[in-house]
Structure formats: C-alpha cells, structure tokens
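# Descriptive structure summary
Read off the chains here:
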Amino acid sequence: MSNDILHITIEKEFKDLLETGHLSLDVPNYITDNLSHPLRPYQEQALRQFIYTQQSNTANISFNHLLFHMATGSGKTLVLAGTILYLFKEKGHQNFIFFVNSDAIIKKTYDNLTNTASSKYLFRKDGIVIDGEFITIQVVDVFPFIPADNTIYLKLTTIQKLHMDLTDPRENGLTYDSLENMKLVLLADEAHHINVLTRSDKRKLTTQEEQEKTWEYTVNKLLKINPENRLLEFTATIDLNNDGLFHKYSNKIVYQYDLKNFMENGFSKNVVLLRANEDDEKKMLHAMLLSQYRKYVAKENDIDLKPIILFKSNKIAISLQANETFLSIVENLTISHLQNVIQNGQTVYQNQHSIWHKMFQYYSQQDLEQVIRDLQWDFTRETILNANDSSFLSENNAILLNTLEDSDNPIRAIFAVAKLNEGWDVLNLFDIVRISEGASGTKKTTDSEAQLIGRGARYYPFKYKGKKSDTRRFDYEASDLKVIETLHYHTINENVYIKNLEKSLESANIQVREDHYTLLQAKIKPNIRKMDFFRYGKIYINRVIPTTPEEYQKLESYNVSRIYETDLVSSIEKVFGKKEETYSGTKKHEETLQITRPLLQKALQRNKFYRFNNLKNFVPSISSVKEFIESPNFLGDIRIIVSLPYGVSVNDLSPKDKLKIVDGFLSYVEKTIRLNYMKEKGTPVFEGVAFPTLIDDYVVEISKVTNSYVNEVKNVRNMRNYDWFIYDKAIVNRLENNFLDYIMNYIDELKSKYNDVYLIRNEKKVKIVEINGTRGFMPDFLLYLKDENCTYQVFLEPKGKHLLVQDKWKQDFLLSLSNNPNIEILAENESVRLIGIKFYTDNPDLKNEFREDFIEKLLTNSRKRGE
C-alpha cells in the first residue's frame, strides 16, 4: 500500500491548485512574527496546507479532524503552536486541550507553550501580539463560561486523566455538558496511542490497549459534541500499512514528512552503528572517550558543545548497577590504564576511516593526565541522571531533561530503561550505548530502540565560523567535525539482534550506516593504458618549496585575520531576553570589544599553547610573550567585532562573557597558526609528472547504509562504453553524476574540435597549491584535450552549494591559471596550456556561469588556440 495515496485528498489537491495558479497561500505574518524560531520550509508547507483546509466552506465537516504525520525531531510542536495562533485569530477559538499519554511530555509542553524563561519556549519572548493587541496564554483546569478578550485558554492533561474527568465527573471539573456550548480544539501529541479502536487486526488486545481503546471513544465523542470543534493529531509513529488506520486517515493527513525525507534533507544527524564485542565496562569507557573526543574536536573549532551519552538497559536493576560501575571506572582511571586502552585501540582499529581509529589516534597525541582530569570533572555523580527510580520524573529532573543543551545544565550521561522513548526533546545526544547484560533481541525491543535512535538523530545546530545551520554541513568533506553531526549507536554484536534491529530501523525509515566499509574499485581501461597520451603524456602540477621560519614575521603569515568577528545575538538574548528592545534576533548591531591587557593576559594564561616554551616553536620571530602581546605584527593591533541585539552594548557584558569571547579568538589564532606553520608553499612553476605516476586504479571505501538514500551514498556508474572516460567505472556522488551528464552532452562538440578528449577522475593524487600560499587542493576532475597546436589541461570542480563561499579561493586560484603571465610551464617538446573553469554546482544561476565559462574557454570558434 503506497503512502502516496494518502496525499490525494489534501496535499495533491493543494499542489495542483498552486501549479494551475488557482491558489496563492502564504503563512500569515502574525504566525511567523509570534513564533520564537523561523519556520523551516517543510514546517511552513505544513501550515500552508492546514490553512488551506480551514478556508474550505466545508471545513467543519471535511477537515475537522486532521493528522500531521511528521518525523521525530522535525519540530511538530512549533507547527502545533502555529495552528493555535491561526485558529485563535481566524476562527475565534480560545479553548485548547493538549493531551498526551505521558506526564513527562506534559511537563515539557508546559515549558514549550507557556514558560517564557525556557530556552525552548515556542512563542515570541516578549509576548504574543496580534493586530496590535497583546495575547495571553492562560493555563486552566476548566474553561471559563465567559472568556476574556485576547486570551488563549490552554488545558494540558494526559489522555488518561481527560478520560477519567469526563467519565467520572466531579464538582468544578470538565463534563461533556459543560463543553457542549464551547468551541474546542483538541491537540493530540503522540497520537498513535488513541488508535486501538481503529486497528483492524484480530489479535486479543493487551490491558494497555484496552485502556487506549476507551480513550479513543472519549476523543471521538469530544470532537462530535460541537460542529466547530477541531481535532489535530501529531505523530511520527503510525502504522499506515494497517488497513483500519489507512482508511481512517486516507483523507485526514494534512501533511506528511517522514524520517527518511527528514534525514535526506540533512535536518538530522547521520546515524552510525558501532558493533561491540567487548564487555560492558570496556564499552562504557570507549563511549565516554568518544563523547569527550567530540567535545575536544568541537572546542578546537570554537564550537560550544556538551555531548550527552545515554546508556540503555533492559532492566532497572542492571541500569542502576551499570551506573555505579561507570562511576567507578571514571574514579579509578589511571594514566597507565588509559595508555593501554589507547594502544589496544590503535591495534584493533586500523581502518583510518573508522571513528575508533580517529579517536584513539587523537588521544595518542594528548596529555593523558589532563584528559583524565577532564573526564573526572565532567563525569561525576552530579552530572549523571538515572531515569529509573520512581522519583526520577520530579520537576527538577524534568527541567534538566528538557534543557540538556543549555550551557548551565551540567548533565553529561543518562542511564535509562524505557522512560525516555517518547516525548524527549534532546539535540545534543550523540551516543546511545546498549548495555548487553539481560539484553533481548525481540522485534518489540528493537522497535523501541529504533524509536529512541530516531529521537537521538535530532540535529544539533552548532555555530561554526560565525554561522549557525539547521542542516548537516560536512557530508562531502573529510572533516573531523563530522563527529558532531553523527549519532553513534553502540550495540551488541549478536546476529539475531542485529537482524531485528535493521528491520526495525527500516520500518522507521531511519538510515543507519556501519563503522566499516566496502571497497569499490575503478580500473583504468586496458586500451587507455596503451594509448600514447597515457604512456608518454604528463600531468602538470606546480612545484612546492618549504617555508622558512623567517617567513613567519606576523599573523598574516599564518593566514590569521586581524579582525575577528563573533555573533552573540542568540546567547545574549538568553540573558537579556526580558528587555523589550532585544526581542528580535534579526535586529542587531556591531561593536568593538575593548581588549584590556588584564583580560588578554588572563585568557592567554588559560591556554597552554601560549606558554612561551611552546609558542616559540610556532612563532620563532618573537623573543617573549610580552612581544607577542604588544607587537603590532601580532596581538598588538587586532580587533574583535561583536554582533549584539539592539539595546545591548558590550558594556552590558559580564567579565566572564568578555573572557569567553577572547578565549574564542585565541583558540582561532592557535588553530590557524598550527595549521599553517612550516607548510610547503606553491610556486608559479608547473612541471610535468608522467601520467602513470599520478593516474592509476583506485578504490573508494563505502560504508554499508541501512535504508540508504542517494545524497549520502556514492553511485557506481558503468563507463565501459564511453571512450572519453579513462576508467571503467565512475564512483561519484549525486552532483558529480550530474556533472558527468553535462560533459556527455558536449562530448561530440569537444571531439569535433580536439583530436584527444579524455576525462580523468582525480582521486586524491593530483594536487595544486596556491601560488605563494600554503593552501592546496585536489580538483575532482581533469579534462585532457589536444589539438594540432597544443595540449590543454583543464581543471574541473563540481562543488556543493554549501561549500561555495568557504571554497571560493579555490575557484579564484583555478581561474587565475588560464591567463597568468607569471606561470611557467616546464614542457619539453610541446605547447601546454592550463585552464581553470568556474565551479559546476547545482545552483541554477551559478551553473549557467559554469556553462558560459566552459563554452567560452573550450568550445567557442573565435577562441585562438594557444592564447
């Protein structure tokens, strides 16, 4: 049964009307202006389609009951908040009942919808304003008979309590009779719990399901007591393969955005499965080291991150014991023990792409005494929650669980059995560790774990190089920062369990890859190896020469910018959020931070890199730290520009805030100095290297991906029948695959102008280095062209749009090669020209620029050969 059928009534009709020009519908400003976060494209689309249904003349009959089927982590509650604003403004609804089956979700939602001090509050911080009037949200147990103007009344309850209140009425409580003359909006979160009545399977119901069956009767009765009532359901989990559910919702799904789309569009972390054969103690230690490795990598890139580990058990007793064992591991950790763990890890994990290999390699170069101090500071009884005893879901613990991302929240690890499978909003969960003792491999267990993995896959929107993103940024880069865009699930290595887990993940539309790889091989075609251009031809790359200490006389020599910019708008609003003038994060101004000598010295003292004995190794031109601080060549002439909300000045910042800013600047300087000191620099002299030396068969390591999707996986394209491509296969991503199609469209025209036309995939072999600079890169493709007069080496680079800005220097370098009079090509008996073409990208405007550049430089008849 195809889920596409479910779109016929609402979504397909909506899109057809848009395409034919019979409908133009935007989300009203009073919704977007009164939400605390900008709407993502799919959230905006969900609200547009909802509004479309409510504008229908038959909305009371046809669209009084709707379902938002949206992935865990996709921001359903923000959409829910938008529906409240719409129904209040346009339909006059004031009475809203939010219900769910869990007290924990009620506490979380209370914060999200009513607590303006919460970091996850969904409405405008300084108050909802519609048509110039302030609108208040009032939490009630019963709705007033005569409601006040400009007031939204919200009852938050569990479905169990709502059912009991209505079926066993009490004085001053809700009754069906009291609600008959009121317009109600029923907001059902985790709505799959109220569908037992509808299911068409014939098995005997469990006690829990019998209870849920009565809940469904209650909800249906509430909906029908007033024709203007609305029931809006929100869930990520609904079995649409069940005939009963399919027929119930076939005309009620107002918007569908499943986890597969959510992950494909980059709004989630990548999920990687780590199979473990070791005992629980070793597994817990490894997970803690991996979590701390994440924190270190983030810090080295000026990213504020507090990664969370969840240790998942099957039984409470096992979870409690694992908690104590974990604390004992941390308290008794020694340098010698940690050295042995690292050495063993390096022996076992030798695949350089494995996260374990990278982690152990990193720790092998660190001060282990400091590592242990950090671990024993970060993982203590006070920074660990055990979500298993009866008193756990107290108000304090509920707040801690709902604010794990906050900088003042100390929690680093959580031990749990089943309390957190639903209703838990957490962005900085990066490790889920399966405690294996007492583990069950049943499908019911793995379904529950798949649901938990889906929750952990929520993306952590960290700020990098001054920019924040809601989507992954490093899918196509060899970057250590991939580790903070990845959720690792540490599982037991047991075949039955793994098989069931993979089925559960597939059912939940969760793409999971494993931390090991399949090798794909591309071979040079035998006939290509025999051709003269390959046997005797050359690839031209520029010479590099070592830099010398004398070249590093100032910060610019290390590519360090003297102007450092940082954006504090979001963090400042947490502190000054009650100031009326700071309500809008879109309005900001810049100020220069006055860097006093004491402030700078304190920040330098906190960073071991700037101790003179070490600093001198990287900055040989200085004679003292004092010179490094005062010299205009170094820190004596730097500026720190701070972006702030209007109404807030740098003078409002605390000394701690200012110190944190300077810490960030010094971390940036340290990283850039380390990266660029004593590297080789490029020269304008290009010399030929024999083709077979640089161009050979190659392999690509591909991770196994469960329920894979195109954007993440390399495609293997058969190229045997294309004589212009030198390999038998093209192992490419989606953008590169489109690039090959582009070249194919022009291949006949190229062949009409050149005697030889060969496209070469450059798999990490041909590297060119910025002239008089230290930055180098390896263009993805080389196009070898030859006519009667000249040989042309064309550099071609498909580039994802998320990399266009930061890699602009590469394009500038490529374009400088075509007509640079300073370039010297050491060719023996032939004329050689180097040509750089603009990036090929999926941005329509920039793709056209590539096309024009490609045609102008390679195909235009008026082009003079050899010029």
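Conventions we followed
Residues numbered from 1 in each chain as written. Predicted model: local features only at pLDDT ≥ 70, side-chain atom pairs only at ≥ 80, totals over all residues. Heavy atoms only, no water. pLDDT = per-residue confidence, 0-100. Contact = heavy atoms within 4.5 Å. 1 Å grid on protein atoms, 1.4 Å probe; cavity = no way out; pocket = protein on both sides within 12 Å on 5 of 7 lines; lining within 4 Å. Points joined across faces, edges and corners; volume = space filled by probe spheres on them. Helix = DSSP H or I, 4+ residues; strand = E, 2+ residues; numbered from the N terminus. Pairing = 2+ DSSP bridges. Axes fitted to C-alpha atoms, helices over the stretch in contact; angles between N-to-C directions. Parallel < 35°, antiparallel > 145°, perpendicular 65-115°, else oblique. Left-handed = near helix turned anticlockwise from the far one by under 90°. Nonpolar A, V, L, I, M, F, W, Y, C, P; charged D, E, K, R; others polar. Buried < 20%, exposed > 50% of the residue type's maximum accessible area, 1.4 Å probe, protein only. Polar contact = N/O pair within 3.5 Å; in protein donor to acceptor, adjacent residues only side chain to side chain. Phe/Tyr/Trp six-rings, centres within 6.5 Å; stacked < 30°, edge-to-face > 60°. Lys NZ or Arg CZ within 6 Å of the ring centre and 35° of its normal. Salt bridge = Lys/Arg side-chain N within 4 Å of Asp/Glu carboxyl O. Expected span 1.5 Å × (residues − 1). Core = buried A, V, L, I, M, F, W, Y, C linked by side-chain atoms within 4.5 Å.

This brings us to the confidence of the model for the protein. Interpreting fine coordinate detail is not advised for predicted regions of low pLDDT. Per-residue pLDDT for the protein averages 84, and the proportion of residues at 70 or more is 86%. Confidence over residues 196-203 falls short of pLDDT 50; this stretch has 22 contacts with residues more than four positions distant or in other chains. Within the model, pLDDT remains below 50 along residues 708-712, and this stretch shows 18 contacts once partners closer than five positions in the same chain are excluded.

Turning next to empty space enclosed by the protein. Per the stated rule, a full pass over the model turns up 2 cavities of 30 Å³ or more. Of the voids in this model, the largest cavity is the one considered here, and its volume is about 50 Å³. Leu-274, Arg-275, Ala-276, Glu-278, Lys-283, His-286, Ala-287, Tyr-349, Trp-356 and His-490 are the residues that line the largest cavity. For the lining of the largest cavity, the secondary-structure elements that each account for two or more residues are strand E9 (270-276) and helix H12 (280-300).

With that settled, the discussion passes to the sheet that holds strand E31 (residues 824-826). Pairing in this open sheet of 3 strands is mixed, and the strands run E18-E22-E31 from one edge to the other. Since the sheet does not close on itself, it has two edges, and those belong to strand E18 (538-546) and E31, each with one partner. Within the sheet, the average angular offset between the axes of one strand and its neighbour, ignoring direction, is 30°.

Running from amino to carboxyl end, helix H18 (residues 443-456) crosses helix H19 (residues 495-507) at an angle of 50°, the nearest separation of the two axes being 8 Å. Judged by the angle between their axes, H18 and H19 are oblique. The two elements H18 and H19 meet at a crossing, and its hand is right-handed. From H18, Lys-443, Thr-446, Asp-447, Glu-449, Ala-450 and Ile-453 reach across to H19, where they touch Tyr-497, Asn-500, Leu-501, Lys-503, Ser-504, Leu-505 and Ser-507. For the contact of H18 with H19, the per-class residue count stands at 5 nonpolar, 4 polar and 4 charged.

Attention now moves to the sheet that holds strand E6 (residues 184-189). Strand order in the open sheet formed by 8 strands is E3-E4-E5-E2-E6-E7-E1-E8, and the pairing between neighbours is mixed. If you trace the sheet from one side to the other, it starts and ends with strand E3 (128-130) and strand E8 (253-257), each paired once. Recorded for the sheet is a direction-independent mean angle of 20° between the axes of neighbouring strands. Pairing geometry for strand E2 (residues 95-100) and strand E5 (residues 151-158), over 6 bridges, is parallel. Looking across to E5, one finds that Phe-98 is bridged to Leu-156. Its contacts with the sheet place helix H3 (residues 41-54) against strand E1 (65-70), strand E7 (230-235) and E8, and it is angled at close to 170° to E8. Most of the contacts of helix H7 (residues 159-167) go to E5, to which it runs at about 100°, and overall it touches E2 and E5.

We now examine the side chain of Asp-787. Mapping Asp-787 onto the fold places it in the loop between strand E29 (781-786) and strand E30 (791-796). For Asp-787, a relative accessible area of 5% corresponds to the buried category. Among the polar contacts made by the side chain of Asp-787, one reaches the main-chain amide nitrogen of Cys-790 at a distance of 2.8 Å. At 3.2 Å, the side chain of Asp-787 forms a polar contact with the side chain of Tyr-792.

What follows deals with the environment of Asn-614. As for its position among the elements, Asn-614 is in helix H24 (residues 612-618). When its relative accessible area of 24% is taken as the criterion, Asn-614 is described as partly exposed. Non-local contacts of Asn-614, meaning those with residues more than four positions away in its chain, are made with Lys-608, Phe-609 and Arg-674. There is a polar contact of 2.8 Å between the side chain of Asn-614 and the backbone oxygen of Phe-609.

With that settled, consider the packing of aromatic side chains. Summed over the entire model, instances satisfying the criterion amount to 57 aromatic pairs. A ring pair is formed by Tyr-257 and Phe-262, whose centres lie 6.2 Å apart and whose planes are at 80°; its orientation type is edge-to-face. Phe-262 shares its class with Tyr-257; the two are buried. Site record: aromatic cluster; members linked through ring pairs are Tyr-552, Tyr-558, Phe-609, Tyr-610, Phe-618, Phe-628, Phe-634 and Tyr-677. A cation sits over an aromatic face here: Arg-775 above Trp-809, 4.5 Å from the ring centre. Over the ring of Phe-839 we find Lys-799; its NZ or CZ atom is 5.4 Å from the centre of that ring.

Applying the stated rule across the entire model yields 40 salt bridges. Taking the shortest distance from any N to any O, the salt bridge between Asp-696 and Arg-529 comes out at 2.8 Å. One end of the pair, Asp-696, is in the loop between helix H27 (691-694) and strand E23 (698-706); the other, Arg-529, is in helix H20 (residues 526-529), and 167 residues separate them in sequence. For Asp-696, a relative accessible area of 38% puts it in the partly exposed group.

In this model helix H26 (residues 655-676) runs 32 Å from its N-terminal to its C-terminal C-alpha over 22 residues, within 8% of the 32 Å that 1.5 Å per residue would give. Taken from the residues just after H26, Met-678 is the one with a positive phi, measuring 60°.

Okay, the nonpolar core next. Counting 79 residues, the largest nonpolar core has Ile-31, Phe-50, Phe-68, Phe-98, Leu-187 and Ile-414 as its most contacted members. Considering every element that reaches this core, the biggest residue donor is helix H5 (residues 76-91), with 9 residues. Within the second largest apolar cluster, 64 residues are counted, among which are Ile-726, Tyr-746, Ile-768 and Val-794.

On to the environment of Ile-661. Structurally, Ile-661 is set in helix H26. In this structure Ile-661 comes out as buried when scored by relative accessible area, which is 6%. Residues Ile-661 and Asp-567 lie 94 residues apart in sequence; the distance between their C-alpha atoms is 9.8 Å. When near neighbours in sequence (up to four residues on either side) are disregarded, Ile-661 contacts Tyr-564, Thr-566, Leu-568, Leu-593, Ile-640, Val-642 and Leu-653.

Let us look at the pairing of strand E16 (residues 486-492). For E16, a buried count of 7 out of 7 residues is recorded, marking the element as mostly surrounded by other parts of the structure. In E16, alternate side chains face the same way, and those of Thr-486, His-488, His-490 and Ile-492 on one face and Leu-487, Tyr-489 and Thr-491 on the other are all buried. Relative to E16, E9 runs parallel, the two sharing 7 bridges. Within the sheet, the bridge partner assigned to Asn-270 lies in E16 and is Thr-486.

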